[in-house]
Each structure stands twice: as structure tokens, then as C-alpha cells.
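A look at the structure
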Amino acid sequence: MTRVFRSDYREKKGRDYPDPYPVECIKRVDRPTTRVNEDEVPRLDEREGGFNRTGRGDFGSQMQAEYKRFVPKHPLSGALVSIAGVLADVVDAPDGTKQVKVARNIIPQASSWSPMKPISAKKAPNTDDPEKMARHIKEVAYFLRADLIGICELPPYVVYSHRRPDGMPTELDHKYAIGILIDQDYRTSEATTGHDWISNSMSFLSYSTSGFIACVLADYIRRLGYPARAHHALNYQVAVPPILLWAGLGEMCRIGDIVLNPFLGPRFKAAVVTTDLPLTIDKPIDFGLQDFCNKCGKCARECPSGALTEGDKVMYNGYEKWPVDVEKCTRMRVGNKHGAGCGTCIKVCPWNKPYTPFHRTINWCIRNMPFARRIGIWADDLFGYGKPNKKNKWWLDLELVDDEFIVPRNND
Ligand code: SF4
Ligand code: SF4
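1. Here we look at the site of ligand 1
Taken together, Cys303, Pro304, Ser305, Leu308, Cys329, Met332, Arg333, Cys342, Thr344 and Cys345 form the complete shell of residues around ligand 1. Of all the secondary-structure elements, those providing two or more residues to the shell around ligand 1 are helix H12 (326–335) and helix H13 (344–348). Per-element accounting of the shell around ligand 1 gives the leading share, 3 residues, to H12. Among the residues making up the shell around ligand 1, the classes are represented as 7 nonpolar, 2 polar and 1 charged.

2. Some remarks on the packing of aromatic side chains
Under the counting rule described, the total for this entry stands at 10 aromatic pairs. Centre to centre, the rings of tyrosine 21 and tyrosine 355 are 5.0 Å apart; their planes meet at 75 degrees, and the pair counts as edge-to-face. One end of the pair, tyrosine 21, is in the segment before strand S1 (27–28); the other, tyrosine 355, is in the loop between H13 and helix H14 (357–368), and 334 residues separate them in sequence. Ring-pair connections join several aromatic residues into one group, and the members of that group are Tyr21, Phe263 and Tyr355. For the cation-ring pair, lysine 123 lies above tyrosine 226, with the distance from its terminal atom to the ring centre recorded as 4.8 Å. Here the guanidinium or amino end of lysine 353 rests over the ring plane of tyrosine 385, the centre of that ring lying 4.2 Å away.

3. Thoughts on H12
Looking only at H12, the buried set comprises Thr330, Met332, Val334 and Gly335. Buried-residue contacts for H12 involve helix H1 (50–55) and helix H2 (61–69). Of the residues that open H12, the one with a side-chain oxygen 3.2 Å from the backbone nitrogen of glutamate 327 is aspartate 325.

4. Some remarks on the packing of helix H3 (residues 75–87) against helix H8 (residues 199–223)
Two elements in contact, H3 and H8, have axes separated by 9 Å at closest approach and are oriented at 25 degrees. Taken as axis vectors, H3 and H8 run roughly parallel relative to one another. The way H3 lies across H8 gives a crossing that is left-handed. Taking contact as the criterion, the partners of Leu76, Ser77, Leu80, Val81, Ile83, Ala84 and Leu87 in H3 are, on H8, Asn200, Ser201, Phe204, Leu205, Ser208, Gly211, Phe212 and Cys215.

5. Thoughts on the site of ligand 2
With respect to spatial proximity, 13 residues lie near ligand 2, and among them Cys293, Cys296, Gly297, Cys299 and Cys349 are the closest. Residues of the shell around ligand 2, tallied by class, amount to 10 nonpolar, 1 polar and 2 charged.

6. What to know about the environment of glutamine 64
Take glutamine 64: it is sitting in helix H2. Sequence separation of glutamine 64 and glycine 194 is 130 residues, and the distance between their C-alpha atoms is 23 Å. Within the structure, glutamine 64 has its side chain in polar contact with the backbone oxygen of glycine 55 (distance 3.1 Å).

7. Regarding the nonpolar core
Residues Leu148, Ile178, Leu217, Ile221, Val273 and Leu279 are the most contacted members of the largest nonpolar core, which totals 97 residues. Ranked by the residues each element gives to this core, the list is headed by H8, at 8 residues. Here valine 273 is in contact with Tyr176, Ala177, Ile178, Ile180, Ala214, Leu217, Ala218, Ile221, Ala228, Arg229 and Ala230, once residues within four sequence places are set aside. Core analysis: the second largest hydrophobic core is formed by 6 residues, Ala191, Met202, Ala340 and Trp395 among them.

8. Re the sheet that holds strand S4 (residues 228–231)
Ordered in space as S2-S3-S7-S4, the 4 strands form an open sheet in which the pairing is antiparallel. The sheet terminates laterally at strand S2 (148–153) and S4, the two strands that pair on one side only. Shown here is a sheet whose adjacent strand axes are inclined to one another by a mean of 20 degrees, direction ignored. Relative to strand S7 (residues 268–275), S4 runs antiparallel, the two being bridged by 4 bridges. Residue pairing for S7: alanine 230 is matched across the bridge by valine 273.

Procedures and definitions
- Residues numbered from 1 in each chain as written.
- Chains lettered and ligands numbered in written order.
- Predicted model: local features only at pLDDT ≥ 70, side-chain atom pairs only at ≥ 80, totals over all residues.
- Heavy atoms only, no water.
- Near = heavy atom within 4 Å.
- Helix = DSSP H or I, 4+ residues; strand = E, 2+ residues; numbered from the N terminus.
- Nonpolar A, V, L, I, M, F, W, Y, C, P; charged D, E, K, R; others polar.
- Phe/Tyr/Trp six-rings, centres within 6.5 Å; stacked < 30°, edge-to-face > 60°.
- Lys NZ or Arg CZ within 6 Å of the ring centre and 35° of its normal.
- Buried < 20%, exposed > 50% of the residue type's maximum accessible area, 1.4 Å probe, protein only.
- Contact = heavy atoms within 4.5 Å.
- Polar contact = N/O pair within 3.5 Å; in protein donor to acceptor, adjacent residues only side chain to side chain.
- Axes fitted to C-alpha atoms, helices over the stretch in contact; angles between N-to-C directions.
- Parallel < 35°, antiparallel > 145°, perpendicular 65-115°, else oblique.
- Left-handed = near helix turned anticlockwise from the far one by under 90°.
- Core = buried A, V, L, I, M, F, W, Y, C linked by side-chain atoms within 4.5 Å.
- Pairing = 2+ DSSP bridges.

None of the figures reported here should be taken as evidence of function without further support.
Next comes the structure, spelled out in C-alpha cells:
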């Protein structure tokens, strides 16, 4: 069995970029490749997201009941979401020291370590050069094992109008947003059908890891003397996809609201840090994805719920995007009776590939030679990409039902 390691392009001789992938080879543009009519983008209410609507019963009482167990029904995704839950309380400087209390319970001397400090009264020396600090923050995030980082100005319209679950109004006026991507693991992605018992674990591996990095990074920036807040799966104040778009971490793709990265494809989850630390920003990117998705449509073809379209993009809430049926997708992910969650669209996408010399060459051709795209799409099916490689399967098929383990049938 071949183990596919993460890229570390930083070691390439003569290269002076902190990123582990050659981001400098991707074309930069002034605006995203899909239209964003900023004047028409409303601030969204976080309570109107698909999962929150499921939890409050908009899709029926059966789905509402499933919502409580659809992640912890597998022990690995249960463990991962628990850690993300702990991180939900440590996104910002302490207000009533709830965060400090968490650590005191675990480590007696933590009251003096005070893990969640307020913003330092004095700014650290040599932290006012935006270019140096952007480079430094990327180095810190990669040291913490981020897979890709991008920085943009925080668009005011991405801040949620109200937070879940209590509906309190949200205010956030930080100047910058740092996007943090974590790979969901190619080897596991190769083995899964996309909607079996590992699907939620792949999501929450990336949610909890990116959340950990975001919380540490935000705390570090506050200790340098600047405001900063982490945003991750269990405690967001911002909509993430537009931030990734403006920070040059990908283009909008056919999978609804998902941004696709040229090196990881759609196989990642993201967290964000917002801050006033002076930073130079990255520009959006163009690697030909709009043309590729127009010609491809594999995610829509393979989606088990029919939530994605093989048709054209539309304008929605000020964004040009392919429409997604949120209810169908949420019902599949929450109500999946033969697995835990769903990421079939991510698994089958032709951009979901390992970073090997062969796939890097194909990736270059597809990015730079429009005529190669149809050939790439045709070859992807011909060589069987998108089908599960059972030889690489490593996880246990288990379902927790009323505190009893069940070994599901028909999973091989
Ligand atoms: S997560 Fe599953 S149901 Fe949702 S769009 Fe992707 S393939 Fe379809
Ligand atoms: S599967 Fe094809 S159409 Fe769907 S996001 Fe990937 S490249 Fe685009």
C-alpha cells in the first residue's frame, strides 16, 4: 500500500515562499473569477444554515432527532467533534473567564498560565510591518501543521447578522481575515465511497484541526498586542467561502457553496482568524476552474441526493454560483442510514488527487491548457478515479445506537 505524504515544496532549492505547495505558480487576478456584487450581498443569519434548520425541526421530527446523533453515531467522528466542541469556548479573549476555568480543571497551575489571555496591553516589537507579519503568520500556521494559508481584507458582508443558537446580533470589525485549510487525507478519500462510515470523521478531522490552529493563532496574535478571533466549525461569526475566495485559496466550484483549491481540490475544511494585526493581503486566483466545472459535472452526476445541478450558474444573494439544494444535501448528510455523513462530491471530483509528480503534471496541463480539460475529464472516468479503493480501507464500520454498538451490514 502506498502512503501518500503531504507536500512540502518549501524544501525546493532556491525557493523563498513559506507555503508547502507552489502557490506562486497560480495566476493571480484582481477579483474572483465568479461575480460578486458586493452591494447586493446580505449579511446572513447563521441560524438559517441547513444544519441549524434541521436541529430546530424545519425538515421534520425524524431529521431533528437524527441531527443530535449524526456525528457521534460513529466513535471516531464523535471523538473529533468533542474536541471541536472544547475549542468552541476558546475563540476569543476571555470575557467572564469561562475559558480559564476549562484549563484549571485539567492543570492545577493553569491559573498562572492563564491560557486565554486578554489582548496584551503593549504591542510586541517589530510587529508593525505588514509584509513581514503576513510572512510570519503564514510560517506560524504552517508550523502548526496548516496545509494552506491565505489572507484577505475582511469583507463586512461576510459577518453573520445573528449568531446561533441564541440569535444575538453579531458585530465584528476586524480588518483582516486569515484562511486556514486542512486536507481531509487523500489516502482515506481514495478508500471511501464518500458516504460510508468514515465520511464525518474526514470532515471533523479537518474541522477540529483547522479549529485548533485558528484558536492558537488568534491567541498568539492577542499576546502580540492585537485583537484576534478564531472562527471554526462550532463557533463561527463569519461565512467562510467568500473569505477563501478573496484570500486566493480557490475558485467557486459546482459543489454549491464550496471553494475548490488547485492543489487539494475540494478535499479540505477551513477555519478563519480575523484580526487587526497589520498584514499584506493575497489576491484571488484563476486556474481555469470555471471552464473545467462547465465541462465536467461529475459531482452532480454522482451526488446520491440529487442536490447538485448539471446546469448553469445563477446569481444568488449577490454571488454568481452553481445552485445547490441545501435541504436535499442536509437530509443526505444527517439522515444517511448506511453511513455517517456524506462527501461523495468531494471524493469523486477530478481535482481530488494526491500530490505526486504524475498528478502534478496533469494538474499543470489542466490549469494551463484549456483543450486538455475535456481529455482530463474523460480520462478520470476511464481510469476509474472516483471509485472506492477498498485495499486502502482502514476504519471500523460501527454505529452507536442507544449506547449499543451495531456493526452495519453491506459495507464492503
Ligand atoms: S455532500 Fe453528498 S448529498 Fe451533499 S452535495 Fe455532496 S454528494 Fe450531494
Ligand atoms: S466534480 Fe467536476 S464539476 Fe464538480 S466541482 Fe469537481 S471539477 Fe467541478
